[in-house]
Amino acid sequence: MEHQSEKKFPLTAKDYKLYEEVGEGVSATVYRALCIPLNEIVAIKVLDLEKCNNDLDGIRREVQTMILIDHPNLLRAHCSFTTGHNLWVVMPYMAGGSCLHIMKSAYPDGFEEPVIATLLREVLKALVYLHSQGHIHRDVKAGNILIDSKGAVKLADFGVAACMYDTGDRQRSRNTFVGTPCWMAPEVMQQIHGYDFKADIWSFGITALELAHGHAPFSKYPPMKVLLMTLQNAPPGLDFERDKRFSKSFREMIAACLVKDPKKRPTSEKLLKHLFFKHAHSNEYLARTILDGLAPLGERFRLLKAKEADMLSQNKALYEDKEQLSQQEYIRGISGWNFNLEDLKNQAALIQDDLVSNSEDSSESRKHKDGQENLCFESASHSKAASHLEGELNVVHNLEDPLAAFPMKPLRALKGCFDVSENDKAADSPSL
Ligand SMILES: Nc1ncnc2c1ncn2[C@@H]1O[C@H](COP(=O)(O)OP(=O)(O)OP(=O)(O)O)[C@@H](O)[C@H]1O
């Protein structure tokens, strides 16, 4: 694949020297590296093409998008080429790493509001550009917000980006689950009418909460539970009591993004004019405030990886089969976990109809009926949402069992949701 940037980045592996690992995703490992002829430090994302489930189209799309986009807040690839069975994507090195890594290393309870406003304004500028170019990012989250040594913020990872103007197969792909469940908009989960760039606005709102708390809402629950909670509960938001340290404008900005009806969410352009972003500062402020004193990225990454491996081995005895292990990884907050629609379909298919009807009269299922109504009638009050959520959380007894924690009635609805096939999409009444 040809290079696009002004400097001529070489297209052979021998012209690069790989240093330490600085990141790991679902499909790739990222290294700090030296581009020898240009004497420039870069990041190289190495994708093992043999492990990519033959999704070569998806990869080609990501790289193509990364090369064509041109905006200061989007991570642009310098070039890419294959070497053996690997694809190397050469890109600017973002020495601060991702916001998720920074939080995990130094801000486990989230950032202060001026930092969040600064980060989010930069991300929003990237979204305004992407949307104006007809792209949906589809994976906005703290793990994809990268910072360089000077505090410049760039949105990365076009692995799941889609083009709004695509037709045929690509267009149909917008009727599939793509992204990471905690950040996923309800309409993306429902798979009924497809979705548009407003899905990014929902993920942006969830990312705002993630940056405020250090983790996304529902992040400690298994994927299926996240799905149900997103669909049936009132949208998450800042809590009046627990989140007193945050301003009214921040609370309102998040509430504007996290509206279940995508039509009622603002466009990225309109959102950028929100009062909240008036609190944003400069890149230097970010560098000074959150990067100063941090260990080099490779070192931080190594420590985090060792810590996670340690936790995983401790939990191995408890969680033996593969599926539960992957849930455990999810509970630990690994952002790279992606929705596996087949797993969820299988889980939903396991639900027996008689089991569902037997449980319908229980007080538990009555409790959740309220939740379902919230799907149609948006609750304006987030504190009500919080108390409803509390009720939800109280029913979680056994996280090891992927089904035990789920209310039965919504599960049946979910089953209906999965039954939607390409041919059914015209059906005008959604199952939920
Ligand atoms: N240019 C870069 N500079 C520094 N670190 C980077 C760079 N690109 C990626 N990383 C780090 O590597 C991690 C994984 O990269 P990336 O998200 O691109 O992989 P992925 O397999 O597409 O991930 P996922 O699908 O899990 O989001 C990032 O979260 C980030 O911490």
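Residues numbered from 1 in each chain as written. Predicted model: local features only at pLDDT ≥ 70, side-chain atom pairs only at ≥ 80, totals over all residues.

You'll find the chain entered in an unreviewed UniProt entry as Ste20-like serine/threonine protein kinase, with Handroanthus impetiginosus given as the organism. Comment text from UniProt for the chain, heading Sequence similarities (unreviewed entry), reads "Belongs to the protein kinase superfamily. STE Ser/Thr protein kinase family. STE20 subfamily." (UniProt positions renumbered as here; feature names shortened; annotations may be inferred.)

Engineer: Explain the pairing of strand β4 (residues 79–83) to me, and be specific about the residues and the numbers.
Structural biologist: Regular strands have side chains that alternate between both faces of the sheet. Pairing between β4 and strand β5 (residues 86–92): five bridges, direction antiparallel. Residue pairing across strands places T83 opposite N86, the latter belonging to β5. (Pairing = 2+ DSSP bridges. Helix = DSSP H or I, 4+ residues; strand = E, 2+ residues; numbered from the N terminus.)

Engineer: Could you give an account of the sheet that holds strand β9 (residues 153–155), with specific residues and numbers?
Structural biologist: Ordered by their spatial adjacency, three strands build an open sheet running β6-β8-β9, and the pairing between neighbours is antiparallel. In this open sheet, the two strands that pair with only one neighbour each are β6 (97–98) and β9. Direction of pairing for β6 relative to strand β8 (residues 145–147): antiparallel, over a ladder of two bridges. Across the sheet, residue S98 finds its bridge partner in β8, namely L146. Against the sheet, helix α3 (residues 113–132) engages β8 and β9, with an angle of about 45° to β9. (Contact = placed C-beta atoms within 7 Å. Axes fitted to C-alpha atoms, helices over the stretch in contact; angles between N-to-C directions.)

Engineer: Summarise helix α8 (residues 248–257); cite the residues concerned and give the values.
Structural biologist: Residues of α8 that are buried: F250, M253, I254 and C257. Projected down its long axis, α8 shows its buried positions confined to an angular sector of 95°, all on one face. Turning to α8, the residues buried within the fold contact α3 and α6 (198–213). (Buried ≥ 20, exposed ≤ 12 C-beta atoms within 10 Å, placed from the backbone. Arc of directions from axis to C-beta.)

Engineer: Give a description of the sheet that holds strand β2 (residues 28–35) that names residues and reports values.
Structural biologist: With respect to topology, five strands assemble into an open sheet ordered β1-β2-β3-β5-β4, the strand pairing being antiparallel. Among the strands making up the open sheet, the edge pair consists of β1 (16–24) and β4. The sheet shows a mean angle of 30° between the axes of neighbouring strands, direction not considered. As defined by bridge partners, strand β3 (residues 40–48) adjoins β5 across seven bridges and the pair is classed as antiparallel. Bridge pairing in β5 places K45 opposite V89.

Engineer: Break down the UniProt feature "binding site: ATP" (unreviewed entry) in the chain for me, with residues and values.
Structural biologist: This chain's UniProt record puts "binding site: ATP" (unreviewed entry) on K45. Relative to the assigned elements, K45 resides in strand β3.

Engineer: Hey, could you go over the environment of R138 for me, with residue numbers and the actual values?
Structural biologist: Checked against the element boundaries, R138 lands in the loop between β7 (135–136) and β8. Assessed through the 25 C-beta atoms surrounding it within 10 Å, R138 is described here as buried. Along the backbone, R138 and M184 are 46 residues apart, and their C-alpha atoms lie at a distance of 8.1 Å.

Engineer: Could you give me a rundown of the confidence of the model for the chain, with the residues and numbers involved?
Structural biologist: Confidence in the prediction for the chain averages 73 pLDDT; 64% of positions are at 70 or higher. Segment residues 351–432: pLDDT under 50, and 105 contacts once partners within four positions in sequence are set aside and those in other chains are kept. (pLDDT = per-residue confidence, 0-100.)

Engineer: Got a sec to walk through the nonpolar core? Specific residues and values, please.
Structural biologist: Core analysis: the biggest nonpolar cluster contains 87 residues, and A43, I116, L119, V123 and A208 have the highest contact counts within it. If you tally residues by element for this core, the top one is α3, at ten residues. Viewed by domain, this core spans two of them, domain 1 (11–93) and domain 2 (95–161 + 180–309 + 334–351), each represented by three or more residues. The contacts of A208, once residues within four sequence positions are left out, are I116, L120, M253 and I254. (Core = buried A, V, L, I, M, F, W, Y, C linked by C-beta atoms within 7 Å. Domains from an automatic or database assignment.)

Engineer: Tell me what's going on with the packing of α3 against α6, and back it up with residues and numbers.
Structural biologist: Between α3 and α6, the shortest axis-to-axis distance is 11 Å and the interhelical angle comes to 160°. Accordingly, the angle class assigned to the pair α3 and α6 is roughly antiparallel. In this structure, α3 crosses over α6, and the sense of that crossing is right-handed. Together, I116, L119, L120, V123, L124 and L127 of α3 and D200, F204, A208, L211 and A212 of α6 make up the contact between the two elements. For the contact of α3 with α6, the per-class residue count stands at ten nonpolar, no polar and one charged. (Parallel < 35°, antiparallel > 145°, perpendicular 65-115°, else oblique. Left-handed = near helix turned anticlockwise from the far one by under 90°. Nonpolar A, V, L, I, M, F, W, Y, C, P; charged D, E, K, R; others polar.)

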